[in-house]
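Coordinate inspection notes
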Amino acid sequence: MTTTTAPPANARVIALAHYAGRALLEGVLARHGVTFHQSVTLRALVAAGESVDRDRLVADVTGSLKTDESLTRGVIEEMTAAKLLEEDLAEESRVRLTDAGRELFDTTSAESAEIAARLYGGIPAEDLAIAGRVLSLVTERANAALAGA
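Thresholds applied
Residues numbered from 1 in each chain as written. Predicted model: local features only at pLDDT ≥ 70, side-chain atom pairs only at ≥ 80, totals over all residues. Heavy atoms only, no water. Phe/Tyr/Trp six-rings, centres within 6.5 Å; stacked < 30°, edge-to-face > 60°. Lys NZ or Arg CZ within 6 Å of the ring centre and 35° of its normal. Axes fitted to C-alpha atoms, helices over the stretch in contact; angles between N-to-C directions. Helix = DSSP H or I, 4+ residues; strand = E, 2+ residues; numbered from the N terminus. Parallel < 35°, antiparallel > 145°, perpendicular 65-115°, else oblique. Left-handed = near helix turned anticlockwise from the far one by under 90°. Contact = heavy atoms within 4.5 Å. Nonpolar A, V, L, I, M, F, W, Y, C, P; charged D, E, K, R; others polar. Core = buried A, V, L, I, M, F, W, Y, C linked by side-chain atoms within 4.5 Å. Buried < 20%, exposed > 50% of the residue type's maximum accessible area, 1.4 Å probe, protein only. Pairing = 2+ DSSP bridges.

Using the criterion set out here, one finds zero aromatic pairs in the structure. The aromatic ring of Phe-36 is capped on one face by Arg-22, whose charged end is 3.7 Å from the ring centroid.

See the structure below:
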């Protein structure tokens, strides 16, 4: 939907953008047999250097998705059973990415990057910077409200 007058940023506009983009991402993930939660877990593990303390990974994913810790632990177990993750042999409290997990991450990331290029392409850098600042502030305030709840 293209309009000549942009609506002000509000919860509905942000949610519509999120769910439209997520639907495209879910299509990529489904083709590879991956859930959204598994994708977030892979990304968190890669960002941590491909080997991370299990409890830290649980905290990162749970905090990102605002979900229950037991759900995140279940996702990690599913991914371990699927041989995408494994215990780090050097330290059993850590999990690490397997070669299959790395390949899956690389493949889904490349396909997701193509979608992002189509969605964000042509938007001026200064507009993206403003949107980034506003959304970061909204996220910060929401996280603070959740912490105080």
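Our next topic: the packing of helix α3 (residues 54-65) against helix α4 (residues 69-81). At a closest axis distance of 9 Å, the pairing of α3 and α4 adopts a crossing angle of 120 degrees. The angle between α3 and α4 falls in the class oblique. Taken as a pair, α3 and α4 cross one another with a handedness that is right-handed. Along its contact with α3, which presents Arg-54, Asp-55, Leu-57, Val-58, Val-61 and Thr-62, the element α4 presents Glu-69, Thr-72, Arg-73, Ile-76 and Glu-77. A breakdown of the residues in the contact of α3 with α4 according to their chemical character gives four nonpolar, two polar and five charged.

As a further point, take the nonpolar core. Grouped together as the largest cluster of nonpolar side chains are 21 residues, with contacts concentrated most on Leu-42, Leu-45, Leu-57, Met-79, Leu-85 and Leu-97. Elements with a minimum of two residues in this core: α2 (36-47), α3, α4, β3 (91-97) and α5 (99-120). For this core, the element with the most residues is α2, which contributes six residues. When sequence neighbours within four positions are dropped, the list of residues in contact with Leu-42 reads Met-79, Leu-97, Gly-101, Leu-104 and Phe-105.

Let us now look at the pairing of β3. Pairing analysis gives three bridges linking strand β1 (residues 51-53) to β3, with the strands arranged antiparallel. Bridge pairing in β3 places Ser-51 opposite Arg-96. The sheet contact formed by strand β2 (residues 85-88) and β3 spans four bridges and is antiparallel. Directly across from Leu-85, in β3, lies its bridge partner Leu-97. Linking β2 to β3, which pair antiparallel, is a turn of two residues.

Take it as geometry only, folks, not as evidence of what the structure does.
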